[in-house]
Amino acid sequence: MHCPFCRHPDSRVVDSREADDGAAIRRRRACPSCNKRFTTVETAGLTVAKRSGATEPFSRAKVIAGVRKACSGRPVDEDALARLAQQVEETVRASGCAEVAAHDVGLAILAPLRDLDEVAYMRFASVYRGFEHLGDFEAEIAELRTHQALLATSGLAEAGETAAGETAAVLRYGGAHDPAPPPVHATSAR
Ligand SMILES: [Zn+2]
């Protein structure tokens, strides 16, 4: 890898360590020409296949940009958005596939966003799932209430356990090779 300071075509690794719980390797490098040091981060490639058939590298920044719009005016800070994007990346990487469908990325956003802010969740879900009628919102709100009631009665309110359950749910109904459109709730057809 060339030096970003002087563009010398080679550099020397002086330190390597795991980052992001093993999902990445961070390497400290030194340039033999200008002696400056810099860091590189190595992750397994993860490609997102869009509905158009085009592909692009997975980007946490794009996840955050999409969710930020839904969070406009809501009490959600940048740290929470960064954590959500990390959760989304972990969920899609857990599928074990090097390429995931864009709609699976969207699915992986829904569960952590629901736990983060319900209004933002409704906004995101309405666009992502293509709500067209008041009935779609009513069905989704009914589902949110059921989810809350379940959490309240099952004693699963611990954040960690909930997150694990949501991840499992997302993986169950959104396989990485499943090209089907997002599931439409049966009661959402008015
Ligand atoms: Zn250099």
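Residues numbered from 1 in each chain as written. Predicted model: local features only at pLDDT ≥ 70, side-chain atom pairs only at ≥ 80, totals over all residues. Heavy atoms only, no water.

Chemist: Describe the sheet that holds strand β5 (residues 55-57), listing the residues and the values that go with them.
Modeler: Ordered in space as β5-β4-β6, the 3 strands form an open sheet in which the pairing is mixed. The open sheet is flanked by β5 and β6 (99-101), the only strands paired with a single partner. On average, each strand axis in the sheet is tilted by 30 degrees relative to the strand beside it, whichever way the strands run. When strand β4 (residues 47-49) meets β6, the two strands line up parallel, connected through 3 bridges. Its bridge partner lying in β6, Val 48 is registered against Val 100. Packing of helix α3 (residues 102-116) onto the sheet brings it into contact with β4 and β6, and relative to β6 it is tilted by some 75 degrees. (Pairing = 2+ DSSP bridges. Helix = DSSP H or I, 4+ residues; strand = E, 2+ residues; numbered from the N terminus. Axes fitted to C-alpha atoms, helices over the stretch in contact; angles between N-to-C directions. Contact = heavy atoms within 4.5 Å.)

Chemist: Lay out the nonpolar core in plain terms, naming residues and giving numbers.
Modeler: Val 63, Val 67, Val 105, Ile 109 and Leu 113 are the most contacted members of the largest nonpolar core, which totals 30 residues. When contributions to this core are tallied by element, the ones reaching two or more residues are α1 (60-70), α2 (78-93), α3 and α4 (118-128). Ignoring anything within four residues of it in the chain, the contact list for Val 105 reads Val 48, Phe 58, Val 63, Val 88, Val 92 and Val 100. (Core = buried A, V, L, I, M, F, W, Y, C linked by side-chain atoms within 4.5 Å. Buried < 20%, exposed > 50% of the residue type's maximum accessible area, 1.4 Å probe, protein only.)

Chemist: Tell me about the coordination of the zinc ion, residues and numbers included.
Modeler: For the zinc ion, the full set of protein donor atoms is Cys 3 (SG), Cys 6 (SG), Cys 31 (SG) and Cys 34 (SG), at a range of 2.2 to 2.3 Å. Taken together, the 4 donor atoms coordinating the zinc ion span angles of 106 to 118 degrees at the metal, a pattern that classifies the geometry as tetrahedral. Motif for the zinc ion, donor spacing along one chain: C-x2-C-x24-C-x2-C. Residue Cys 6 is found in the segment before β1 (12-19), and its partner Cys 31 is found in the loop between β2 (24-30) and β3 (37-43); the two are separated by 25 residues along the sequence. Overall, Cys 6 belongs to the partly exposed group, its relative accessible area being 35%. Accessibility expressed as a relative area gives 2% for Cys 31, which makes it buried. (Donors = N, O, S within 2.8 Å, 3.2 Å for Na, K, Ca; no water. Tetrahedral: all angles 85-135°; square planar, octahedral: opposite > 155°, others 65-115°.)

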